[in-house]
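Remarks on the overall topology
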Amino acid sequence: MINVCFFISSSINAPNGAAGFVRRLYSHSKSFESNGIKLVGPFCGVAASQDMVKYSNSFTAKLKKLVKDTLAMTRWGTLRSLYLGGKRHAIEAINAFDNNSNSIDVAIFNDVDVLAVFINHYPDFQGKIISIEHDNGVFGQMLLETYPNVPANVIAERLELQCNANDLIVFVGECNRARFAYLNSNAAYKTRSIHLGIDDLLQVHNADADVVLPNRRGALTLISTGTICDRKNQLSIIRAIAQPGIKGKVSLILLGNGPDYEQALKLSKELGVSKSVSLPGTTENVTGYLHKADSYICASKSEGLPTAILEAMAVGLPIITTKAGAAEEAVSNGNGMIIKGCGPVEIAGAIEELLKRKTELKDMGAKSRELFERCYTSEVMCSELSNLICEIVGEVS
């Protein structure tokens, strides 16, 4: 058996895409075993027993976020915040691994902080090293969105480590891999891509759970799920549905919470579309809301590959999305349309086109479901990653 372990600086229960990716891999450990791979760990920087959803809504978490945002305003504060939020947890993850009794053939990392600590702690490690990247292939871009005062040399050092320390750099989405390879040609030969996969929502969630929304008879219902923030650009969707020719014909569900939540409420009222916009907040019944919609919309400015799009495909919704990250790969068989930009006018144009094609929605949704089953299930993801692990180990066996 090939012994493989994953390292992650957060909790495996954290409400983010990288943690969810690792959770799903370990929940399908038998799939790896059938390919001769044993998953050890995972080794996390935050205790897995912590209820991260509950914690994220706590006073302590909100206070820490305030401190983090304040520190991010200065160069010194940014460096301090990176240590408190990254390296400190990375050290905890490696400390957890120190108590491991298994020999490891492949170490897999979800962030550079843990990789750096691991390399320093185990300079003579003889196994293979893989990093999984959930960004859009432009190294450091998402870090800069959170910490705009990160010094250029810090990003350069992280990129150098990423390119030199890994045997494989695996991207979620081929667009993201190709972008990274183009920008970092010296490491292009190390890059691979896999499909992101999720468990089938129709099998693991109760789609019949009650969801009550205002009655908007005849209106096209769009839904967008996730953190309501500038990067995901939900405010531009609100501005789009207030455009002449669309206003009154579309209702919008913005599912989630975030820094732009209150602004979304305010903007809806200012533009006269508050009766067309529902903001239910955070819920565990995502599937129930998806079933109330006619189409999913993603207006993100920057992404890797949004899990939310895959959830919408799983329940058979057409997809409208920008070209952020690898999102466009999820619209590849006539199951939706690409928004040509991130502004309200471009978004409105895509919505107008969908309104003209309302009779095709059922067929487009069926194509989304077909594409999901073919490319974006957890089983497909585990199989593709298993093949890459066998490939890299096979090079020295």
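Throughout what follows, the structure given in this document is the object of discussion.

Reading the values: rules and limits
Residues numbered from 1 in each chain as written. Predicted model: local features only at pLDDT ≥ 70, side-chain atom pairs only at ≥ 80, totals over all residues. Heavy atoms only, no water. Core = buried A, V, L, I, M, F, W, Y, C linked by side-chain atoms within 4.5 Å. Buried < 20%, exposed > 50% of the residue type's maximum accessible area, 1.4 Å probe, protein only. Helix = DSSP H or I, 4+ residues; strand = E, 2+ residues; numbered from the N terminus. Contact = heavy atoms within 4.5 Å. Phe/Tyr/Trp six-rings, centres within 6.5 Å; stacked < 30°, edge-to-face > 60°. Pairing = 2+ DSSP bridges. Axes fitted to C-alpha atoms, helices over the stretch in contact; angles between N-to-C directions. 1 Å grid on protein atoms, 1.4 Å probe; cavity = no way out; pocket = protein on both sides within 12 Å on 5 of 7 lines; lining within 4 Å. Points joined across faces, edges and corners; volume = space filled by probe spheres on them. Nonpolar A, V, L, I, M, F, W, Y, C, P; charged D, E, K, R; others polar.

**What to know about the nonpolar core**
Judged by nonpolar contacts, the single largest core of 61 residues is most densely connected at F6, F21, Y296 and I389. In terms of residue count, helix α17 (residues 378–394) provides more of this core than any other element does, seven residues in total. When sequence neighbours within four positions are dropped, the list of residues in contact with F21 reads F6, N110, I132, H134, I194, L196, M381 and L385. Residues I228, I246, L252 and L361 belong to the second largest nonpolar core, which totals 32 residues.

**Digging into the packing of aromatic side chains**
Applying the stated rule across the entire model yields twelve aromatic pairs. Pairing F7 with F109 gives two aromatic rings, centres 4.9 Å apart and planes at 10°, and the pair type is stacked. Taken together, the residues span a long stretch of sequence, with F7 in strand β1 (residues 2–8) and F109 in strand β3 (residues 106–109) at a distance of 102 residues. Across the pair, exposure class does not vary: F7 and F109 are buried alike. Seen in terms of ring centroids, F97 and Y122 are 5.4 Å apart; in terms of plane orientation they differ by 80°. Their pairing is edge-to-face.

**Some words on the sheet that holds strand β8 (residues 250–255)**
With parallel pairing, the six strands of this open sheet are ordered in space as β9-β8-β7-β10-β11-β12. Edge positions in the sheet fall to β9 (277–281) and β12 (336–338), since each has one partner strand and no second. Sheet twist, expressed as the mean angle between neighbouring strand axes with direction ignored, is 20°. Sheet analysis places strand β11 (residues 319–321) next to β12, joined by three bridges and oriented parallel. By the bridge assignment for β12, T321 is matched with I338. Across the face of the sheet, helix α11 (residues 234–241) comes into contact with β7 (220–225), β8, β9 and β10 (295–298) while running at roughly 165° to β8.

**Considering empty space enclosed by the protein**
Tallied over the full model, the rule gives one cavity of 30 Å³ or more. For the largest cavity, the calculated volume is near 60 Å³. Lining the largest cavity are S224, T225, K232, Q234, Y296, C298, A299, S300, E303, P306 and A308. Elements supplying a minimum of two residues to the lining of the largest cavity: β7 and β10. Residues of the lining of the largest cavity, tallied by class, amount to five nonpolar, four polar and two charged.

**Quick word on the environment of K367**
Looking at the secondary structure, you find K367 in helix α16 (residues 361–375). In this structure, K367 is in contact with N333, G334 and N335, ignoring residues within four places of it in sequence.

**Quick notes on the pairing of strand β5 (residues 168–172)**
Of all five residues in β5, five are buried; the element is thus mostly enclosed. Burial of β5 is two-sided: the residues L168, V170 and V172 facing one way and the residues I169 and F171 facing the other way are all buried. Alignment of strand β4 (residues 128–133) against β5, held across four bridges, turns out to be parallel. Within β5, the residue paired with S131 across the bridge is I169. Pairing of β5 with strand β6 (residues 191–194) involves four bridges; the strand directions are parallel. Looking at β6, one finds that V170 is bridged to R192.

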